[in-house]
Amino acid sequence: MTKLMRKTILILLMVIGLCLPGLSVKADAAVISKMTVKMSVTSAGLVSVDTVVEVDFSVDSHGINVFIPLDYKMIWEIDGKTVNRSYRFPITNLKVYDEPFERSVFTDRIKIRIGDADVVFTGPKSYHYSYDLQLKDLKLDGIQLFYMNIVGTGWEMPIKEVEYEITLPKDWPTDVFLYQGPYGSTMTNSRYEITDHLLSGTAKDLLPYEGVTIYTKLSEDGSYFEFVSPLDQSWMMILLSAVVLFIMFLIHKKFGKDGPLVITPQFGPIEGFSSSQIGYVIDGSVTPKDMVSVFIEWAYKGYLRIIDSADEMEVTLEKVKDIPESENEADKALFKDIFHNQDKVTIRSLQENIHMKLHQAGSMIIDQFEKSLTERIFEIKSLWFKFLLGLLAFLPYVIALAYQLILNGTVDGNTTTGLLVIILLAGILLFLWIRLIERWYSYESTRILLLGLLGFFSVLFYGFGITLALNQVLSGQESIIIRLIIVQVITSVSVGFSLLMDRRSQLGLDTLGKILGLRNFIQLAEKDRINALVKEDPSYFYKLLPYAYLFEITEEWTKKFDPLTIQKPDWYLSNTDFSLNLFNAR
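Residues numbered from 1 in each chain as written. Predicted model: local features only at pLDDT ≥ 70, side-chain atom pairs only at ≥ 80, totals over all residues. Heavy atoms only, no water.

**Topic: the nonpolar core**
Okay, step 1: One finds Met35, Phe146, Ile150, Val151 and Ile214 to be the most contacted residues of the largest nonpolar core, which totals 62 residues.
Okay, step 2: Ignoring anything within four residues of it in the chain, the contact list for Met35 reads Thr51, Val52, Val53, Val151, Trp155, Ile159, Glu161, Val162 and Glu163.
Okay, step 3: Counting residues in hydrophobic clusters, the runner-up holds 58 residues, among them Ile354, Phe541, Leu550 and Tyr572. (Core = buried A, V, L, I, M, F, W, Y, C linked by side-chain atoms within 4.5 Å. Buried < 20%, exposed > 50% of the residue type's maximum accessible area, 1.4 Å probe, protein only. Contact = heavy atoms within 4.5 Å.)

**Remarks on the sheet that holds strand β13 (residues 177-181)**
Okay, step 1: Across the sheet, three strands lie side by side as β11-β16-β13; this open sheet has antiparallel pairing. With partners counted over all chains shown, the strands left at the sheet margins are β11 (144-151) and β13, one partner each. Strand after strand, the sheet turns through a mean of 15 degrees between neighbouring axes, direction not considered.
Okay, step 2: Note: β13 against strand β16 (residues 211-219), five bridges, orientation antiparallel. Counted as the bridge partner of Leu178 is Ile214 from β16. (Pairing = 2+ DSSP bridges. Helix = DSSP H or I, 4+ residues; strand = E, 2+ residues; numbered from the N terminus. Axes fitted to C-alpha atoms, helices over the stretch in contact; angles between N-to-C directions.)

**Remarks on the packing of helix α11 (residues 506-524) against helix α13 (residues 540-550)**
Okay, step 1: Two elements in contact, α11 and α13, have axes separated by 11 Å at closest approach and are oriented at 120 degrees. For α11 against α13, the interelement crossing comes out left-handed. Each of Leu518, Phe521 and Ile522 in α11 lies in contact with α13, whose residues at this interface are Tyr540, Leu544, Tyr547 and Ala548.
Okay, step 2: Classifying every residue of the contact of α11 with α13 gives seven nonpolar, no polar and no charged. (Left-handed = near helix turned anticlockwise from the far one by under 90°. Nonpolar A, V, L, I, M, F, W, Y, C, P; charged D, E, K, R; others polar.)

**Notes on the pattern of salt bridges**
Okay, step 1: Applying the stated criterion across every chain, the model contains 16 salt bridges.
Okay, step 2: Residue Asp322 pairs with Lys319 through a salt bridge whose shortest N-O separation is 3.1 Å.
Okay, step 3: The class for Asp322 is exposed, based on a relative accessible area of 56%.
Okay, step 4: The residue Lys559 makes a salt bridge to Glu555 at a minimum N-O spacing of 3.5 Å. In this pair, Lys559 and Glu555 both sit in helix α14 (residues 554-559), four residues apart, roughly one turn of the helix.
Okay, step 5: On the basis of relative accessibility, which here comes to 57%, the residue Glu555 falls in the exposed class.
Okay, step 6: Here the salt bridges share partners, and the residues they tie into one network are Glu297, Lys301 and Glu327. (Salt bridge = Lys/Arg side-chain N within 4 Å of Asp/Glu carboxyl O.)

**Brief notes about the confidence of the model for the protein chain**
Okay, step 1: Overall, the prediction assigns the protein chain a mean pLDDT of 78, with 76% of residues at 70 or greater.
Okay, step 2: Note on residues 1-27: pLDDT is under 50 here. Beyond four places in sequence and across chains, it has 101 contacts.
Okay, step 3: Under a pLDDT of 50 for its full length, residues 439-443 has, in the predicted model, 23 contacts with residues more than four places off or in other chains. (pLDDT = per-residue confidence, 0-100.)

**Section: unusual backbone geometry**
Okay, step 1: The phi torsion at Asp196 lies on the positive side, around 55 degrees, for a residue other than glycine.
Okay, step 2: Within the element layout of this structure, Asp196 appears in the loop between β14 (191-195) and β15 (198-206).
Okay, step 3: The phi angle at Asn341 is positive, at roughly 65 degrees, despite the residue not being glycine.
Okay, step 4: Position of Asn341 among the secondary structure elements: in the loop between α4 (329-339) and β19 (344-346).
Okay, step 5: For Asn341, a relative accessible area of 79% gives the class exposed.

**Side note on the packing of aromatic side chains**
Okay, step 1: Throughout the structure, instances matching the rule amount to 21 aromatic pairs.
Okay, step 2: Between the aromatic rings of Phe521 and Tyr540, the centroid separation amounts to 6.4 Å while the plane-to-plane angle is 80 degrees, which identifies the pairing as edge-to-face. Of this pair, Phe521 sits in helix α11 while Tyr540 sits in helix α13; the two residues are 19 residues apart in sequence, bridging distant segments of the chain.
Okay, step 3: Residue Phe521 is classed as buried on the basis of its relative accessible area of 9%. (Phe/Tyr/Trp six-rings, centres within 6.5 Å; stacked < 30°, edge-to-face > 60°.)

**Quick notes on the environment of Trp172**
Okay, step 1: Looking at the secondary structure, you find Trp172 in the loop between β12 (159-167) and β13.
Okay, step 2: Not counting chain neighbours up to four residues away, the residues in contact with Trp172 comprise Phe146, Ile166, Ile194, Asp196, His197, Leu198, Leu199, Ile214 and Thr216.
Okay, step 3: Engagement of the side chain of Trp172 in a polar contact is seen with the backbone oxygen of His197, the distance being 2.8 Å. (Polar contact = N/O pair within 3.5 Å; in protein donor to acceptor, adjacent residues only side chain to side chain.)

**So, the sheet that holds strand β18 (residues 316-319)**
Okay, step 1: The mixed open sheet is built from four strands, whose spatial order is β19-β18-β17-β21. Sheet topology places β19 and β21 (572-573) at the edges, where each strand pairs with a single neighbour.
Okay, step 2: Pairing of strand β17 (residues 304-307) with β18 involves four bridges; the strand directions are antiparallel. Each bridged residue has a counterpart across the sheet, and for Ile306 the counterpart in β18 is Leu317.

**Focus: the pairing of strand β2 (residues 30-41)**
Okay, step 1: Alignment of β2 against strand β3 (residues 46-61), held across eleven bridges, turns out to be antiparallel. Residue pairing for β3: Val37 is matched across the bridge by Thr51.
Okay, step 2: Linking β2 back to β3 in an antiparallel pair, the connection comprises four residues, with Gly45 at a positive phi of about 85 degrees.
Okay, step 3: Relative to β12, β2 runs parallel, the two being bridged by seven bridges.

**Thoughts on the packing of helix α2 (residues 275-283) against helix α3 (residues 288-300)**
Okay, step 1: As a packed pair, α2 and α3 sit with axes 6 Å apart at the nearest point and diverge in direction by 150 degrees. If you check the angle between α2 and α3, you find them roughly antiparallel. Here Ser275, Ser276 and Gly279 of α2 come into contact with α3, specifically with Asp290, Met291, Ser293, Val294 and Glu297.
Okay, step 2: Of the residues belonging to the contact of α2 with α3, the class tally is two nonpolar, four polar and two charged. (Parallel < 35°, antiparallel > 145°, perpendicular 65-115°, else oblique.)

**With respect to helix α12 (residues 527-536)**
Okay, step 1: Every buried residue belonging to α12 is among Ile530, Leu533 and Val534, and all of these are buried. Each buried residue of α12 sits inside an arc of 105 degrees when the element is viewed along its axis, so together they form one side. Turned more than 90 degrees from where α12 packs its buried face, Asp528, Lys535 and Glu536 sit exposed.
Okay, step 2: Check the buried side of α12 and you find it contacts α11, α13 and α14. (Arc of directions from axis to C-beta.)

Structural data, given as structure tokens:
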């Protein structure tokens, strides 16, 4: 960037002494007879502000409110372009003398309520408070300014007299401008004199909402203030991230890693489990799609018939008999809820609330396993660790990011908006990936690889996007950005460990082994083997169809059968010629 601010437009909302009267004070009910402001500035840019406000109240009052801003907005003209920037200058060492007060911290300001809510008074009253404000590098290629409100423009009361003293660590420049009047005023009614490091002056007869502002350029090469660089803790954050990763590795090894998984050859439905429960065994969740598979299972078992129609929405489900008590509670509840004292229902009639019914049944399956002491698929301890480690994984990065922002003290509206958008998009992407990757047991190896890459890059996108959005905030601090990226890479691996904390019980491992064995059979079985099984059971295709649907390999399962050998099932009624491909499409 070339030399800046040969011509500078400055709009500075630094309301250092912005005070508003108490709730019972009106603009015409009080007058500030005198305000005394003393500022002492160190070579490190620390401004100590001491203010005494002497108020004459003509009506009953409790006190005054003092607002000290934390965020300051500036508009610069840089190389012919107007640039909006916002800065945050921390307030420390806040004190109020000889009066009760309450302090409240808001996002952009500090509020001090001085006075006793139970005491009212009239007449003269003096208020005394002080605080420190830390100036910072404005990122303007070395240009350093002293531009502050001696008296803010927020006072509702007129001010008869202001006395001020400002002490700098070095001699004052030749050009010093003092403006008096309402916000944006360029009137120079204030009188002042300079003696070495001290500037003192007075201002008189300020009307309500008028203030006094001082502006001077101190340096163009960054030589006036020697700002103390904040301690860079990013290396410590890298170490903390590595420690967290190591802890997560140890916890996963002890509490999250599954025992040996033995894939058991399986040629039929999993004994003791309906197709609706298979999804939970795979990933610990039950989706509406998992529940839909059970409709084919019910038809195969003779609980209902499917009556087809040219209009897909007019397909009818006809109850043949009540579902037996031997079925699981979720399947029984869903079956009864669908027919609801009817013998026939159409898909169209179910359309409005079918998803709610499926979700409710899915929740019952989850409750069945998670509340049971003998049928748990996942160890309860591992589920708690999964939740806790998921939070712990992001903690070092959040700490590192927040620490750098606070130390840098620069806030930009566009950056904030960008951060929120990136966090939202990355969060959605990460959530979708988590839900998909948890079902990896039911996917092919190529799909598993793609999902793994998607998840890894979604986590990196979360971190890189935030880091890049901070480029303007951390301008000139590329080493810190690189270290934040390193922290985020480690965080990505930590997230992976947290997702793998679903440790299965022995029942869960045995059942998963059977499920994988069944999936392998549906995918890899040769036609000769299939034909032999069909001879033993002509309805064999339909027996395993719910599982092929769950594994998303229905098309592969269908291709293993000769369409001419697969007869229309007696539970499927249609006025059209039966076609296996058309049946699967329905």
